[in-house]
Amino acid sequence: MTDFANLTIEWGTTPDSITLLELLKQQLDITDASMDAELSMYLDMAGNAAEKYIDNIIEQREVIERFPSVNDPIALRYYPITTLALVEIDSVDVTTDYQLFYQTGIGWSVKNVSGSSVGTKFEQMDITYTAGFDPLPAELGFAIVQSAMSYETGSSGGAVKRESVVGVGSIEYATDEVSGVSVRVGQLPASAVAVLDAYKRLYA
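Residues numbered from 1 in each chain as written. Predicted model: local features only at pLDDT ≥ 70, side-chain atom pairs only at ≥ 80, totals over all residues. Heavy atoms only, no water.

## Re the overall build of the protein chain
Item 1. Within the protein chain, the regular secondary structure consists of 4 helices and 11 strands.
Item 2. Classification of the 204 residues of the protein chain by burial places 41% in the buried group.
Item 3. Excluding contacts between residues fewer than 6 apart, the proportion of contacts in the protein chain whose partners are at least 24 apart in sequence is 67%.
Item 4. Working note: accessible area of the protein chain is about 11,100 Å², and carbon and sulfur atoms make up 51% of it. (Helix = DSSP H or I, 4+ residues; strand = E, 2+ residues; numbered from the N terminus. Buried < 20%, exposed > 50% of the residue type's maximum accessible area, 1.4 Å probe, protein only. Contact = heavy atoms within 4.5 Å. Areas by Shrake-Rupley, 256 points an atom, 1.4 Å probe, with all protein chains shown as cover.)

## Digging into the nonpolar core
Item 1. Membership of the largest hydrophobic core comes to 31 residues, with the highest contact counts inside it found for Leu20, Leu43, Ile58, Leu136 and Ile144.
Item 2. The set of elements that each furnish at least two residues to this core consists of α1 (20–27), α2 (36–54), α3 (138–153) and α4 (190–196).
Item 3. Residues in contact with Leu20, not counting those within four places in the same chain, are Phe4, Ala5, Leu7, Ile9, Leu43, Leu136, Gly141, Ile144 and Val145.
Item 4. Residues Phe67, Ile74, Leu76 and Val110 belong to the second largest nonpolar core, which totals 20 residues. (Core = buried A, V, L, I, M, F, W, Y, C linked by side-chain atoms within 4.5 Å.)

## Things to note about unusual backbone geometry
Of all residues except glycine, most have a negative phi; of all peptide bonds, most are trans.
Item 1. The omega torsion of the bond from Thr14 to Pro15 falls at -10°, within 30 degrees of zero and hence cis.
Item 2. Tracing the chain through its elements places Pro15 in the loop between β1 (8–11) and β2 (16–19).
Item 3. Residue Asp134 is joined to Pro135 through a cis peptide bond whose omega torsion reads 0°.
Item 4. Among the structural elements, Pro135 can be located in the loop between β9 (125–131) and α3.
Item 5. Even without being a glycine, Asp90 presents a positive backbone phi close to 50°.
Item 6. With respect to the helices, strands and loops of the structure, Asp90 is situated in the loop between β5 (81–89) and β6 (92–93).

## A few points about the sheet that holds β9
Item 1. Taken in spatial order, the 4 strands make up an open sheet running β3-β9-β5-β6, and their pairing is antiparallel. Looking at the sheet topology across the chains shown, the edges are occupied by β3 (61–67) and β6.
Item 2. Here β5 pairs with β9 via 7 bridges, running antiparallel. By the bridge assignment for β9, Val87 is matched with Ile127. (Pairing = 2+ DSSP bridges.)

## With respect to α3
Item 1. Over its 16 residues, α3 runs 22 Å from end to end, which matches the ideal 22 Å to within 8%, given 1.5 Å per residue.
Item 2. Considered for burial, the residues of α3 that qualify are Leu140, Gly141, Ala143, Ile144, Val145, Ser147, Ala148, Ser150 and Tyr151.
Item 3. Gly154 sits one or two positions beyond α3 and adopts a positive phi of about 70°. (Expected span 1.5 Å × (residues − 1).)

## Structural notes on the sheet that holds strand β4 (residues 74–75)
Item 1. Taken in spatial order, the 3 strands line up as β4-β8-β7 in an open sheet, and their pairing is antiparallel. Where the open sheet ends on each side, the last strands, each with one partner, are β4 and β7 (98–101).
Item 2. Note that β7 and strand β8 (residues 109–112) share 4 bridges and pair antiparallel. When the bridges of β8 are listed, Leu100 appears paired with Val110.

## What to know about the confidence of the model for the protein chain
Item 1. In the predicted model, the protein chain carries a mean pLDDT of 82, and 78% of its residues have values of at least 70.
Item 2. Mean pLDDT across the elements of the protein chain ranges from a minimum in strand β11 (residues 169–174), with 44, to a maximum in α1, with 96.
Item 3. Across residues 155–159, confidence stays below pLDDT 50; counting only partners more than four residues off in sequence or on other chains, it has 22 contacts.
Item 4. Here residues 165–183 scores under 50 on pLDDT; set against residues more than four positions off or in separate chains, the count is 38 contacts. (pLDDT = per-residue confidence, 0-100.)

As structure tokens, this is what we get:
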């Protein structure tokens, strides 16, 4: 269950920090807790929409990937990764045989460092790791807050939608603002998309 409201951003050398809920309330000039539940819902919706748009994890959490066969190194789906918790082959713990490495901070993988060849001599490999941001980069957190603000205020902002077709790819397009359609819940304002584009998951 996501909880974007309590995620924090940090800035400065001290550093200073603030939760997304606190930042959203500041932007809306709300000083009491009467709307906390509603604003938290908007932040969760905005955060989930952002994760779908960039096709990656934003809120740091543990994930498990399962592989019926692998090459070495093994490309992992989500990033950035903070911890490689467990590698199992057919329920046997082989974590010490693997280590994390990455290329330019994007292509996170695990590599067999044991010297033995795994090949396809197994039924299933499970890799458990922690991915996502904690704290969030300031611009990423503010993009989520901007999206939540657009849901709360109903202001138009050139919403952008992203759709994916399995085996084909994905397309992005702007909604028609000529007709005066506002940014709807689940869509992203263009100002947020400009930030999120830098965090899109890359494909080989």
